[in-house]
Amino acid sequence: MNKLIGEMLIERGLVQPDDIKKALQLQQSVGGRIGAGLVRMGSISEESLLEVLAQQLEMPVVQAGKDMPDASALFTFIKHSLLDINWCIDNRVLIWSPAEQVLQYTGRDPLSPFVRDVISYHYPEHEIKPCLVSGHSLDIIIDYLRKELTAERFFAEGSETKGLREMAEEAPVVELVNNIFSKAVAFNASDIHLDPQVEVFRVRLRVDGVLQTHLEQPIDRYPAVASRVKLISEIDIAERRLPQDGRITTRVNGREMDVRVSTLPGVHGESIVMRLLPKDRKELSLQTLGLEQDHMDLVRALMQESNGIVLVTGPTGSGKSTTLYAALQEATDGTRKILTVEDPVEYQLPGITQVQAHAEIGYTFAKALRAFLRQDPDVIMVGEIRDVETAQIAIQSALTGHLVLSTLHTNDSLSAFTRLIDMGVEPFLVAAPIKAVQAQRLVRKVCKHCAKPAHVPESISVEFAKLGRNFLGKDFEPKWVDAVGCALCNNTGYSGRMGIYEIMPISSELHDMIVENVPVAEMRKLVRSQGHRNMYQDGLIKAAKGLTTIEEVLRTTSMDIE
């Protein structure tokens, strides 16, 4: 072994020097291997660690049913071997014989001299070969062996709460949960889903807006995993009949993270969803959101307004809050008082006063807004306009000299007006303060490493030809691409996301239509005649630039461009 494992991990950029120092401190206090300490702290995923260990030790990584027998065959072999199966379970050791006079073994610590000495003592004539195995694979097999021997279950003694707490503190459970967090951050996932089924529970990660299954475990292990998540998020671990919410602040792979936890009772157990919110959002700026130059100039101009309302609309998960955060960050110049009320506060922005709403104690958006007006603000952000009271106070604030930013759940920008009118706001009050409405969706960016040139249908080429002359110039040549998939994008063909937008400033003609409460279709014809493009057309421009694919644009928008 020419290099220490810590040096190899740092060289590959998998951990930071500070992580190694903390792992060494943990090793000094509780013992064990430094790699196991890094995994337990959540500094690195176990899969990444095993790859480096295999190279360092020149030792294979094995999988059940592939490089070693499956759990049933292992049980049979160990039970009839010279080793006591209870000793193997207690020491988390697996042995098998791939060939005559050859014995392979693996376990929690296959480098342990004690384990090797015991095996060599019972098999002096055999060639002994250690192997590496992932912790979750080992846990599955050990659990199987334990069940086959009718070992005690976690709920054998004591109260249910005590049993759940004991399960949550088991080292394998702690490592599994930390490994899930580490893998999610490594894949740049936005959410972790723990979904219990009849016989297994699935760990799914939402990467670039699409759920991907990354792990399946026996359902017997789910109570321990769910209890661990609930324990660290300060949720009642004994309550499984009601939905609960919690929060975790942790450090994963060297990054500070806020994790919002939501539990929902289901037929097979509680569904748990964790939203990952990195505290360091260096990329949070208008330049990184995917705005075309004309849209960016318009947003910047709107942020300089002294009063009025700017609405951002779209379904859940379309990046509305991120857009508002980026706009606020750009507007923070030290000369204006900026207040936000959110539920919850997703990212903390310097120079801005952010307030958390608590509806359960009566501190609603509307109540916070009333208090804001006594704080001499210049800019106010409301997380979401959910009811007529919040809408009326937001309008009142805009009419009395404040710039108000907020979000609304509608499918397109023009539907925002009818949504507010349906809430109970008078049409003339809707039209008076609103400066502009922006609608948006998120599309996946194509992986630059594996994308290939593509041909598009003639209908799309014709549509883009009309569009390109207006927004990109006559000389622009489209660069349509297809997603392929490679190791760098986890074989999805996509890496990262960007926004596609439609922004409708309120002209005098549109103002009159809102007051008269005309149908949205009529408004759409007007804004199209004024030269504003919709989300589909904005997505078409990005696809023509080779940033995304036509399939992604069609997946997230409508081709209705009349």
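Residues numbered from 1 in each chain as written. Predicted model: local features only at pLDDT ≥ 70, side-chain atom pairs only at ≥ 80, totals over all residues. Heavy atoms only, no water.

A.B. asks: How would you summarise the overall build of the protein chain if you had to cite specific residues and measurements?
C.D. replies: For the protein chain, the count of helices and strands is 22 helices and 18 strands. Along the longest, intermediate and shortest principal axes, the C-alpha atoms of the protein chain span 95 × 60 × 45 Å. Classification of the 562 residues of the protein chain by burial places 50% in the buried group. When the accessible area of the protein chain is evaluated, it comes to approximately 27,000 Å², of which 49% is carbon and sulfur surface. Counting 61 positive and 75 negative side-chain charges, the protein chain places the averaged centre of each group 2 Å from the other. (Helix = DSSP H or I, 4+ residues; strand = E, 2+ residues; numbered from the N terminus. Buried < 20%, exposed > 50% of the residue type's maximum accessible area, 1.4 Å probe, protein only. Areas by Shrake-Rupley, 256 points an atom, 1.4 Å probe, with all protein chains shown as cover. Lys, Arg positive; Asp, Glu negative; His and termini not counted. Charge placed at Lys NZ, Arg CZ, Asp CG, Glu CD.)

A.B. asks: I'd like a rundown of empty space enclosed by the protein, residues and numbers included.
C.D. replies: Across all of its chains, the model carries five cavities of 30 Å³ or more by this definition. Roughly 110 Å³ of internal volume is contained in the largest cavity. Secondary structure elements with two or more residues in the lining of the largest cavity: helix H12 (293-303), strand S10 (308-313), helix H13 (320-331) and strand S15 (434-446). (1 Å grid on protein atoms, 1.4 Å probe; cavity = no way out; pocket = protein on both sides within 12 Å on 5 of 7 lines; lining within 4 Å. Points joined across faces, edges and corners; volume = space filled by probe spheres on them.)

A.B. asks: Talk me through unusual backbone geometry; I want residue IDs and the actual numbers.
C.D. replies: The backbone of Asn188 shows a phi angle near 60°, a positive value even though the residue is not glycine. According to the relative accessible area criterion, Asn188 is exposed, its value standing at 53%. Within the chain, Asn491 stands out as a residue other than glycine whose phi angle is a positive 60°. For Asn491, the location among the structural elements is in the loop between strand S17 (481-482) and strand S18 (494-505). By relative accessible area, which is 58% here, Asn491 ends up exposed.

A.B. asks: Summarise the environment of Tyr494; cite the residues concerned and give the values.
C.D. replies: Position of Tyr494 relative to the elements: it lies in strand S18. According to the relative accessible area criterion, Tyr494 is buried, its value standing at 9%. Put simply, Tyr494 and Cys447 are 47 residues apart on the chain and 4.5 Å apart in space, counted from C-alpha to C-alpha. Residue contacts for Tyr494: discarding those within four places in its chain leaves Asp208, Arg444, Lys445, Val446, Cys447, Ala483, Cys489, Thr549 and Glu552. Within the local environment of Tyr494, its side chain forms a polar contact with the side chain of Thr549, the two groups lying 2.9 Å apart. (Contact = heavy atoms within 4.5 Å. Polar contact = N/O pair within 3.5 Å; in protein donor to acceptor, adjacent residues only side chain to side chain.)

A.B. asks: So what's going on with the pairing of strand S7 (residues 244-252)? Which residues, and what values?
C.D. replies: Direction of pairing for S7 relative to strand S8 (residues 255-266): antiparallel, over a ladder of nine bridges. Of the residues in S8, the one forming a bridge with Ile248 is Val259. In textbook terms, the turn of a hairpin is the stretch between consecutive antiparallel strands, and for S7 and S8 this stretch comprises two residues, one of which, Asn253, has a positive phi near 50°. (Pairing = 2+ DSSP bridges.)

A.B. asks: Provide a residue-level description of the sheet that holds strand S14 (residues 403-408), including the pertinent values.
C.D. replies: With respect to topology, seven strands assemble into an open sheet ordered S12-S11-S13-S14-S10-S15-S18, the strand pairing being mixed. Edge positions in the open sheet fall to strand S12 (353-356) and S18, since each of these has one partner strand only. Between one strand axis and the next, the sheet turns by 20° as a mean value, whatever way the strands run. The sheet contacts of helix H14 (residues 365-372) involve strand S11 (338-342), S12 and strand S13 (379-382), and relative to S11 the element is tilted by about 165°. Here helix H21 (residues 535-544) sits on the sheet and contacts S15 and S18; the angle it forms with S18, its principal contact strand, is near 135°. (Axes fitted to C-alpha atoms, helices over the stretch in contact; angles between N-to-C directions.)

A.B. asks: Help me get a handle on the pattern of salt bridges, residues and values and all.
C.D. replies: Taken as a whole and judged by the stated rule, the model has 29 salt bridges. In this structure, Glu239 and Arg241 form a salt bridge, with 3.4 Å as the shortest nitrogen-oxygen distance. A relative accessible area of 70% places Arg241 in the exposed class. Linking Arg524 and Asp412 is a salt bridge whose minimum nitrogen-to-oxygen distance equals 2.6 Å. Here Arg524, found in helix H20 (residues 520-529), pairs with Asp412, found in the loop between S14 and helix H16 (415-423); they are 112 residues apart in sequence, far enough to count as distant. When salt bridges with common partners are traced through the structure, they connect Arg92, Arg108, Asp139, Asp143, Arg146, Glu175 and Arg221 into a single cluster. (Salt bridge = Lys/Arg side-chain N within 4 Å of Asp/Glu carboxyl O.)

A.B. asks: Tell me about the UniProt feature "domain: Bacterial type II secretion system protein E" (unreviewed entry) in the protein chain, and please be specific about residues and values.
C.D. replies: In the numbering adopted here, UniProt assigns the feature "domain: Bacterial type II secretion system protein E" (unreviewed entry) to residues 373-387. For the annotated span residues 373-387, helix accounts for 0% and strand for 27% of the residues, and the straight-line distance between the end C-alpha atoms is 19 Å. (UniProt positions renumbered as here; feature names shortened; annotations may be inferred.)

A.B. asks: Outline the layout of surface pockets, supporting the account with residue identities and numerical values.
C.D. replies: The calculated volume of the second largest pocket comes to roughly 1,000 Å³. When residues of the lining of the second largest pocket are traced back to their parent elements, those giving at least two are helix H1 (5-11), helix H2 (17-30), helix H3 (34-41), helix H4 (46-57), helix H8 (135-148) and helix H10 (171-186). Looking at the lining of the second largest pocket, its residues break down into 21 nonpolar, 10 polar and nine charged. (Nonpolar A, V, L, I, M, F, W, Y, C, P; charged D, E, K, R; others polar.)

A.B. asks: Can you tell me about the pairing of S13, naming the residues and giving the values?
C.D. replies: Across the two faces of S13 the burial is the same, with Val379 and Met381 and Ile380 and Val382 all buried. Where S11 lies against S13, four bridges are found, and the strand directions are parallel. The residue of S13 that forms the bridge with Leu339 is Ile380. Of the pairings in the sheet, the one linking S13 to S14 comprises four bridges and is parallel in character. Paired with Val382 across the bridge in S14 is Ser406. Between S13 and its parallel partner S14, the chain crosses via helix H15 (residues 388-399), and the hand of that crossover is right-handed. (Right-handed = clockwise from strand over helix to strand, strands pointing away.)

A.B. asks: So, the nonpolar core: which residues are in play, and what are the values?
C.D. replies: The biggest cluster of nonpolar side chains holds 42 residues, and the ones touching the most others in it are Leu311, Phe417, Leu420, Ile434 and Leu510. If sequence neighbours within four positions are ignored, Leu510 has contacts with Leu414, Phe417, Pro505, Met523, Leu526 and Val527. (Core = buried A, V, L, I, M, F, W, Y, C linked by side-chain atoms within 4.5 Å.)

A.B. asks: Quick rundown of the side chain of Thr106? Include the residues and the values.
C.D. replies: Mapped onto the fold, Thr106 is located in strand S2 (residues 102-107). At a separation of 2.7 Å, a polar atom in the side chain of Thr106 contacts the main-chain carbonyl oxygen of Cys131. If sequence neighbours within four positions are ignored, Thr106 has contacts with Met68, Arg92, Val93, Leu94, Trp96, Cys131, Leu132 and Val133.

A.B. asks: Run through the packing of H14 against H15, naming residues and quoting values.
C.D. replies: If you want to describe how two helices pack, look at the angle between their axes and the distance between the axes. At a minimum axis separation of 8 Å, H14 and H15 run at an interaxial angle of 20°. It follows from the interaxial angle that H14 and H15 lie roughly parallel. Considering the relative orientation of H14 and H15, their crossing is left-handed. Contacts between H14 and H15 pair Phe365, Ala366, Leu369 and Arg370 from the former with Glu389, Thr390, Ile393 and Ala394 from the latter. Classifying every residue of the contact of H14 with H15 gives five nonpolar, one polar and two charged. (Parallel < 35°, antiparallel > 145°, perpendicular 65-115°, else oblique. Left-handed = near helix turned anticlockwise from the far one by under 90°.)

A.B. asks: Talk me through the packing of aromatic side chains; I want residue IDs and the actual numbers.
C.D. replies: Following the criterion strictly, the structure yields four aromatic pairs and no others. On the basis of an interplanar angle of 55° and a centroid distance of 6.1 Å, the ring pair of Trp87 and Phe114 is categorised as tilted. Of this pair, Trp87 sits in helix H6 (residues 85-91) while Phe114 sits in helix H7 (residues 113-122); the two residues are 27 residues apart in sequence, bridging distant segments of the chain. Trp87 gets classed as buried once you look at its relative accessible area, which sits at 18%. (Phe/Tyr/Trp six-rings, centres within 6.5 Å; stacked < 30°, edge-to-face > 60°.)

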